[in-house]
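# Structural overview
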Amino acid sequence: MAIHPNDHLQFNPQTQVINLDNDGFIKKTDKHIFNWPKGTSIFDAHPFFEILRDFEQNNFFEEKTVNFPCIHIEDSKVEKICDITFTLEKQEVVIILFNYTTKYKDLNQIAQQKNESILLARELELKNKYLLEKEEFKNSFIANINHEIRTPLTSILGFVEVLERTKLTFEQEELARIIKRESLHLNALIDDMIDLSKIESGKLKVVEERFSFPNLINGFKESYSKIAEEKQINFETNIDPNIQEYLIGDSTRIFQILNNILTNAFKFTEEGKIVFSVIKNYQRTNKLSLNFKIEDTGIGILEENLPYLFERFTRFNTDKRISGTGLGLAIVKNLVDLLNGEIKVTSTLEKGTSVNIKLPFKFEVTKATPERKKKKYTLPKSTTKFRILVVEDEEITQYLIMKVLISQGTFFVDIAINGEEAIKYIERRKYDLILMDLNISKIDGYQVTHIIRNNYGDKFISEIPIIGFSGKSNDIARDKCIRSGMDDFISKPFEQEELIYKITKQIAKKAAD
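What comes next concerns the included structure. (Residues numbered from 1 in each chain as written. Predicted model: local features only at pLDDT ≥ 70, side-chain atom pairs only at ≥ 80, totals over all residues. Heavy atoms only, no water.)

Time to look at the environment of Leu499. Note on placement: Leu499 falls in helix 13 (residues 496–512). Residues within four places of Leu499 in sequence aside, it is in contact with Val404, Leu435, Ile490 and Phe494. (Helix = DSSP H or I, 4+ residues; strand = E, 2+ residues; numbered from the N terminus. Contact = heavy atoms within 4.5 Å.)

Spelled out as structure tokens, the structure:
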């Protein structure tokens, strides 16, 4: 189709029409885009037009239209992005240039923004994946190091308790006290690391349960009154008498929060007093809010340090005689947030610090019943000692448990160092109870328990009481023990009294059955 000068396209300022003869010389042009003179060769205008020679060589003499989008054309003065249409006739060639420079640049910018958006989204996705993998590695590392540290720590604390019951000189008593104090400090650090890891990974869940509020407060009164007496400072408590006796909330986390704050108050107060106050903020239907206030006359905190008070591993006191991990307040802040509470700290250097904590609770509208006390158990009467199988591969823990149990005068103790050996022992001898380490070699404690519970017709074997123990001191480990068929669980490091209580309880229950 021929394009004539009087066609409307010729007058479009974004369009240029060029008529060529068969040798490629410009016969006519409107110069709306490029100023190429009449009589000059189109092949000299731009290398792109060399494509016309291919048309000639391929005998494109019949009328034919060919389109080329997004072609960059430039000469010494002008640079444009055009769509180009060739109309091939026997007598001439008509070229139409459509100037879409602005549109193509806009489209290019949009495409670039889209690509950048895709790349940014991919970058964020990879960063998120990296952070998740990093968090998973951190939690796994902390869990493993927790188990590895608690095993020797159990032995240290256990043998210190054994040592304290022997005849010691004053100097030896002091050394034993220091070992125990530092070991408990290390144990507290491990607990703090585990708690902080759980909070940050979202694995720490709020457990709302009914508890005795007076018992919680009286526990603090009793414990910290003794510390106050030792430090020769005053400890005052002001508790609102209108607070319900039984509340619903996470008593474990509330104890952890208040205990951390009170510990700090006593740690940094050498004279004067510490005041622990609890008042009711409001009460609506079965909900109420309590304000816990702990004030001390201690060394105080600089005002510029207050914004960084709840950061991890932050310590503003350089006195090495005052121990601390720098994790306690970070855990407190995270726990308060987890419980939908608020915490505010004000302090004046050399005058003291005041900590205000607001926490929400619920309470039962119906009349409350008193909590059940811990049931007492005694070993059944027997003419022989009770035989305990300890399945443990750590030699020092074996020796500790043997020492503790034999000192009671009512137990014989056998030691199996792995799961296979434990199976052989129970097939040869009758036992009254098994203490089962969960992470023994060859066959772990869960598998051994499964075999005992399911592979024997002899009820004395299949129903033998089993107490699992591990350095992983959490509800997940305990629940897994119970689901695998064990009767109870104790975490490392354990108190000797707790160990004896659990053993006595299981033997007494088995005898009653």
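And the narrative resumes.
A separate point is the sheet that holds strand 17 (residues 488–491). Strand order in the open sheet formed by five strands is 14-13-15-16-17, with parallel pairing between adjacent strands. With partners counted over all chains shown, the strands left at the sheet margins are strand 14 (411–416) and strand 17, one partner each. Within this sheet the neighbouring strands show an average axis-to-axis angle of 20°, counted without direction. By the bridge criterion, four bridges tie strand 15 (residues 433–437) to strand 16 (residues 466–470) in an arrangement that is parallel. Within the sheet, the bridge partner assigned to Met436 lies in strand 16 and is Gly468. Helix-sheet contacts for helix 13 involve strand 13 (386–391), strand 14, strand 15, strand 16 and strand 17, and the interaxial angle to strand 17 is about 170°. (Pairing = 2+ DSSP bridges. Axes fitted to C-alpha atoms, helices over the stretch in contact; angles between N-to-C directions.)

Attention now moves to the pattern of salt bridges. Side chains that carry opposite charge are capable of pairing whenever their charged atoms lie near each other. Using the criterion set out here, one finds 17 salt bridges in the structure. Taking the shortest distance from any N to any O, the salt bridge between Glu50 and Arg53 comes out at 2.6 Å. Residue class for Arg53 comes out partly exposed when judged on its relative accessible area of 36%. A salt bridge links Asp414 to Arg429; its shortest N-O distance comes to 2.7 Å. Taken together, the residues Asp414 in strand 14 and Arg429 in the loop between helix 9 (419–428) and strand 15 connect sequence positions 15 residues apart. (Salt bridge = Lys/Arg side-chain N within 4 Å of Asp/Glu carboxyl O. Buried < 20%, exposed > 50% of the residue type's maximum accessible area, 1.4 Å probe, protein only.)

What follows concerns unusual backbone geometry. If you check the backbone angles, Gln232 has positive phi at about 60° while not being a glycine. By relative accessible area, which is 73% here, Gln232 ends up exposed. Positive phi, close to 45°, is recorded for Thr285, a residue that is not glycine. Relative to the elements of secondary structure, Thr285 occurs in the loop between strand 9 (273–284) and strand 10 (287–296).

Counting residues in each nonpolar core, the largest one holds 42 residues, and the members touching the most others are Phe213, Leu247, Phe276, Leu290, Phe292, Ile357 and Phe361. Every element with two or more residues in this core is listed here: helix 5 (213–231), helix 6 (251–267), strand 9, strand 10, helix 7 (328–338), strand 11 (342–348) and strand 12 (352–362). No other element matches the seven residues that helix 6 contributes to this core. For Ile357, the residues in contact, after removing those within four places along its chain, are Ile257, Leu258, Ile261, Leu290, Asn291, Phe292, Val336, Glu342 and Ile343. Membership of the second largest hydrophobic core comes to 24 residues, among which are Ile33, Phe34, Phe48 and Ile84. (Core = buried A, V, L, I, M, F, W, Y, C linked by side-chain atoms within 4.5 Å.)

Pairing is antiparallel in the open sheet, where five strands are placed in the order 2-1-5-4-3. Looking along the sheet, the strands with just one partner apiece sit at the ends: strand 2 (26–29) and strand 3 (64–74). Ignoring which end each strand starts from, the neighbouring axes of this sheet average 20° apart. As paired elements, strand 1 (residues 15–20) and strand 2 share three bridges and run antiparallel to each other. Residue pairing across strands places Ile18 opposite Thr29, the latter belonging to strand 2.

Once that is clear, we can look at helix 7. The set of residues buried in helix 7 consists of Gly328, Leu329, Ala330, Ile331, Val332, Leu335 and Val336. The first or second residue beyond helix 7 is Asn340, which carries a positive phi of 60°.

The next point concerns the side chain of Gln16. In this structure, Gln16 sits in strand 1. Side chain to side chain, Gln16 and Thr29 meet in a polar contact 2.9 Å long. Within polar-contact distance, the side chain of Gln16 engages the backbone nitrogen of Ile33 at 3.0 Å. When sequence neighbours within four positions are dropped, the list of residues in contact with Gln16 reads Thr29, Asp30, Lys31, His32, Ile33, Phe34, Ile95, Ile96 and Leu97. (Polar contact = N/O pair within 3.5 Å; in protein donor to acceptor, adjacent residues only side chain to side chain.)

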